[in-house]
Amino acid sequence: MADKRDYYEVLGIAKGASDDEIKSAYRKKAKKYHPDLNPGDKEAEEKFKEVNEAYEILSDKEKRARYDQFGFAGVDPNYGAGQGAGGFGGGFGGFGGSVDLGDIFGDLFGGGFGGFGGGSRANPNAPRKGNNVRVSVGISFMEAVHGCKKTITINRQDTCPECGGSGAARGTTPETCPDCRGTGRVTIQQRTPFGVIQSQQPCSRCGGKGKIVKTPCNHCRGTGRVNTKKTLEVNIPAGIDDDQQLALRGMGDGGVNGGPNGDLIVIVTVRPDPMFQRDGYDVYITVPITFSQAVMGAEVVVPTVDGKVQYPVPEGTQSGTTFRLRGKGVPYVGGKGRGDQYVKVNVEIPKKLTRAQRDALKAFEDTLKDDNYEQRKGFFKKLKDMFKD
Ligand SMILES: [Zn+2]
Ligand SMILES: [Zn+2]
């Protein structure tokens, strides 16, 4: 446990990684170390466990936030027992497993102040990537198949163009906070039932920013950021499926202290189609045919995502038979090739026959022999065998 690796490091991703990046990194690593693919390899087995644990935490919003703020102690109540929770000034050793350290830290620090996560990395003046902005867009089934352009409007926090994000009025610069010497944090000591605990709190004088703005910028009122409404056109690639996401790099919130912008995450919702169903890149459709078409065979009109085609249904087709139209499915996103279309034919039994129609059908039925029916022949032979003697 002492040499537990950082979860982000385990998955080989950056701290600000998006949910999609986490998922894809996990899939790659899990595949690489999967026990089925590495039989008898103890190291791979350990790695596989490590990867799964990292994914369990980072894929859960709440657990990830706790981990970001408190490290392993935030997500594992047993972590740190007997070894002191490093970085918090010690004194936590030997709590035993039943205490939720996350809760204790939450109480001590008043919970939820930004900038503490990452321990020593929490320099308030370090460049930070801007937040990702999420927006969802609804498209039709056909738009998803063929791709489309959508105009979307987003609200994001841009770096103030007036002060360049410093928050200080033109001609002035922010000063380093004398209380925390620019670190944004102050160390305090607290007497608790467990002894004296040394902990760090955000500096109240500068609000954890490490800098003090004497004359705030008029444009952003000293915040360094401005709310911006932005309308953009998004290219949605052919083949995208329901609930998939597109990441537009650098289109999210402005970076902090010169860090890169966040991303714009477009979540695509695809409305269902009354005729076509989709599974991956394959398309499914059910086409009703008549009794005579099934008996004699016929050219049947079949809708595809590219328009109508004629399909020769062969003579003697049973109801429920499925035919495959190769390459008539959905195009692969960003690749060459397409899925297939599966056409299921249902023989529709006619209703409300007239007297004459019934007579004609009866006359036809009387001409049929056992040989005309494959299934019935087999069925009745089995029946006979069953009740021999
Ligand atoms: Zn400004
Ligand atoms: Zn300060």
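My aim in this report is to walk through the structure given alongside it, one point at a time. (Residues numbered from 1 in each chain as written. Chains lettered and ligands numbered in written order. Predicted model: local features only at pLDDT ≥ 70, side-chain atom pairs only at ≥ 80, totals over all residues. Heavy atoms only, no water.)

Secondary structure assignment for the protein chain yields nine helices and 15 strands. Classification of the 389 residues of the protein chain by burial places 32% in the buried group. Excluding contacts between residues fewer than 6 apart, the proportion of contacts in the protein chain whose partners are at least 24 apart in sequence is 62%. Carbon and sulfur atoms make up 50% of the accessible area of the protein chain, which totals about 24100 Å². (Helix = DSSP H or I, 4+ residues; strand = E, 2+ residues; numbered from the N terminus. Buried < 20%, exposed > 50% of the residue type's maximum accessible area, 1.4 Å probe, protein only. Contact = heavy atoms within 4.5 Å. Areas by Shrake-Rupley, 256 points an atom, 1.4 Å probe, with all protein chains shown as cover.)

In this section: the pattern of salt bridges. Counted under the stated rule, the structure contains 23 salt bridges. For Glu56, the salt bridge identified is with Lys63, shortest N-O distance 3.2 Å. The partly exposed category is assigned to Glu56, whose relative accessible area is 44%. For Lys63, a relative accessible area of 30% translates into the label partly exposed. (Salt bridge = Lys/Arg side-chain N within 4 Å of Asp/Glu carboxyl O.)

The subject of this paragraph is the coordination of the zinc ion (ligand 2). Taken together, the protein ligands of the zinc ion (ligand 2) are Cys177 (SG), Cys180 (SG), Cys203 (SG) and Cys206 (SG), with distances of 2.2 to 2.3 Å. Around the zinc ion (ligand 2), the four donor atoms sit at angles spanning 101 to 117°, and that spread fits a shape best called tetrahedral. Written as a sequence motif, the donor residues of the zinc ion (ligand 2) are C-x2-C-x22-C-x2-C. The class for Cys206 is buried, based on a relative accessible area of 8%. (Donors = N, O, S within 2.8 Å, 3.2 Å for Na, K, Ca; no water. Tetrahedral: all angles 85-135°; square planar, octahedral: opposite > 155°, others 65-115°.)

Right, let's get into unusual backbone geometry. Even without being glycine, Asn257 reaches a positive phi, approximately 55°. With respect to the helices, strands and loops of the structure, Asn257 is situated in the loop between β8 (244-248) and β9 (264-270). Its identity as a non-glycine residue notwithstanding, Lys352 has a phi of 55°, on the positive side. Locating Lys352 in the fold gives a position in the loop between β15 (341-348) and α8 (355-367). Lys352 gets classed as exposed once you look at its relative accessible area, which sits at 83%.

With distances of 2.3 Å, the protein atoms coordinating the zinc ion (ligand 1) are Cys160 (SG), Cys163 (SG), Cys217 (SG) and Cys220 (SG). Angles of 103 to 116° at the metal separate the four donor atoms of the zinc ion (ligand 1), which places the site in the tetrahedral class. Along the chain, the residues donating to the zinc ion (ligand 1) are arranged with the sequence spacing C-x2-C-x53-C-x2-C. An identical accessibility class is assigned to Cys217 and Cys220; each is buried.

Let's shift gears to the sheet that holds strand β11 (residues 282-290). Read across the open sheet, the four strands follow the order β10-β11-β15-β14; overall the sheet is mixed. Each edge of the open sheet is held by one strand with a lone partner, namely β10 (277-279) and β14 (322-325). Sheet twist, expressed as the average angle between the axes of neighbouring strands with direction ignored, equals 30°. (Pairing = 2+ DSSP bridges. Axes fitted to C-alpha atoms, helices over the stretch in contact; angles between N-to-C directions.)

One open sheet holds the three strands; their spatial order is β1-β9-β8, and the pairing between them is mixed. This sheet does not close on itself; its edge strands, each paired only once, are β1 (133-139) and β8. For this sheet, the mean inter-axis angle between neighbouring strands, taken without regard to orientation, is 25°. Pairing analysis gives seven bridges linking β1 to β9, with the strands arranged parallel. Paired with Val137 across the bridge in β9 is Val268.

Another point: the packing of aromatic side chains. Applying the stated criterion across every chain, the model contains eight aromatic pairs. Summarising the aromatic geometry, the rings of Tyr8 and Tyr67 are spaced 6.1 Å apart at their centres and angled 35° between planes, so their arrangement reads as tilted. Of the two residues, Tyr8 sits in helix α1 (residues 7-11) while Tyr67 sits in helix α4 (residues 61-70), which places them 59 residues apart along the sequence. A single burial state applies to Tyr8 and to Tyr67, both of which are buried. The interplanar angle of 80° and the centroid separation of 5.3 Å between the aromatic rings of Phe379 and Phe380 together place this pair among those described as edge-to-face. Taken together, the ring pairs connect Tyr7, Tyr8 and Tyr67 into an aromatic cluster. A cation over an aromatic ring shows up here: Arg376 above the ring of Tyr373, its NZ or CZ 5.4 Å from the ring centre. (Phe/Tyr/Trp six-rings, centres within 6.5 Å; stacked < 30°, edge-to-face > 60°. Lys NZ or Arg CZ within 6 Å of the ring centre and 35° of its normal.)

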